[in-house]
Amino acid sequence: MEENGRCITKLENMGFRVGQGLIERFTKDTARFKDELDIMKFICKDFWTTVFKKQIDNLRTNHQGIYVLQDNKFRLLTQMSAGKQYLEHASKYLAFTCGLIRGGLSNLGIKSIVTAEVSSMPACKFQVMIQKL
């Protein structure tokens, strides 16, 4: 089980570095963002479309630093069976993407904790908790 945790941490760290690099490239010709919500909208539309060929299906916030990004047909899970037996492996596929989001936000000056959950494949939700400095 410990091996699985290390694997997920490595994937998350790889995603973080990739996210930082991608955001740098994607935003070099973009105007400054007004606020946190503006940045999250950019992640859900432009960033997600470039990486996964579609926008996030739903963005919700409690206006207190928590955002929920919902993708109803997450590209990395659509190839897996809808069967429950693959649900336990979904976390490995989501760890990289959590890192991707966290790295992108980090490069835009937002420190965050990103977690993911899958209740029914291939839909998933990413929860972004903004860390106030």
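This section reports on the structure supplied with the text.

How each quantity is defined
Residue numbers restart at each chain and count upward from 1, following the sequence in its written direction. With pLDDT at 70 or above as the cut-off, local features in this predicted model cover only qualifying residues; side-chain atom pairs require 80 or more to be listed or tallied, and sums for whole chains, interfaces and linings still use all residues. Excluded from the side-chain calculations are hydrogens and water; all other atoms, namely the structure's heavy atoms, are used. Only runs of H or I of at least four residues qualify as helices and only runs of E of at least two qualify as strands under DSSP, and these elements are numbered from the N terminus. We compute the radius of gyration over the C-alpha atoms and compare it with the globule rule, which gives 2.2 Å times the number of residues raised to the power 0.38. Throughout this description, buried means an accessible area under 20% of the type-specific maximum (1.4 Å probe, protein chains only), exposed means over 50%, and partly exposed covers the range between. In this description, contact between two residues means that some pair of their heavy atoms is separated by no more than 4.5 Å. The method behind every accessible area is Shrake-Rupley, applied with a 1.4 Å probe, and residues are considered shielded solely by the protein chains displayed. We count Lys and Arg on the positive side and Asp and Glu on the negative side, and we leave His and both chain ends out. Charged side chains are reduced to one point each, which is NZ for Lys, CZ for Arg, CG for Asp and CD for Glu. A strand pair is defined by DSSP finding two or more bridges across the two strands. Interaxial angles span 0 to 180 degrees and are taken between N-to-C directions of axes, which are lines fitted to C-alpha atoms, for helices over the stretch in contact. Two axes enter the definition of the bend at a residue: one is fitted to the seven residues ending there, the other to the seven starting there, and the bend is the angle between them. N or O atoms closer than or at 3.5 Å make up a polar contact, with two conditions inside protein: a donor-capable atom paired with an acceptor-capable one, and, for residues adjacent in sequence, both atoms drawn from side chains.

Summing up its helical and strand segments, the protein has three helices and four strands in all. Here the protein has a C-alpha radius of gyration of 14 Å; the compact-globule value for 133 residues is 14 Å, and the two agree. The principal-axis extents of the C-alpha atoms in the protein amount to approximately 45 × 30 × 30 Å. When the 133 residues of the protein are sorted by exposure, 36% land in the buried category. Within the protein, contacts between residues at least 6 apart in sequence are counted, and of these 59% link residues at least 24 apart. Accessible surface computed for the protein: about 8000 Å², of which carbon and sulfur atoms make up 51%. In the protein, 20 side chains carry a positive charge and 13 a negative one; their mean positions are 2 Å apart.

With that settled, consider the pairing of strand β1 (residues 58-61). Inspection of the sheet shows β1 paired to strand β2 (residues 66-71) by four bridges, in the antiparallel sense. Residue pairing for β2: N58 is matched across the bridge by Q70. As consecutive antiparallel partners, β1 and β2 are separated by four residues, and within that stretch H63 has a phi angle of approximately 60°, a positive value.

This part is about the sheet that holds strand β4 (residues 124-130). Spatially, the four strands line up as an open sheet ordered β1-β2-β4-β3, and their pairing is antiparallel. Edge positions in the sheet fall to β1 and β3 (112-117), since each of these pairs with one other strand and no more. With direction set aside, neighbouring strand axes in the sheet form an average angle of 15°. Bridge analysis of β2 against β4 gives six bridges, and the strand direction is antiparallel. Counted as the bridge partner of Q70 is K125 from β4. Contacting β3 and β4, helix α3 (residues 90-107) runs over the sheet at an angle of about 155° to β3.

The next point concerns helix α2 (residues 36-52). I43 marks the point of greatest bend in α2, at about 35°. Taken as a whole, α2 has its buried residues at I39, M40, F42, I43, C44, F47, W48 and F52. For α2, the secondary structure elements touched by its buried residues are α1 (2-27), β1, β2, α3 and β4. The N-cap residue of α2 is D35: its side-chain oxygen and the backbone nitrogen of L37 are 3.3 Å apart. One or two residues past the end of α2 sits K53, with phi positive at roughly 65°.

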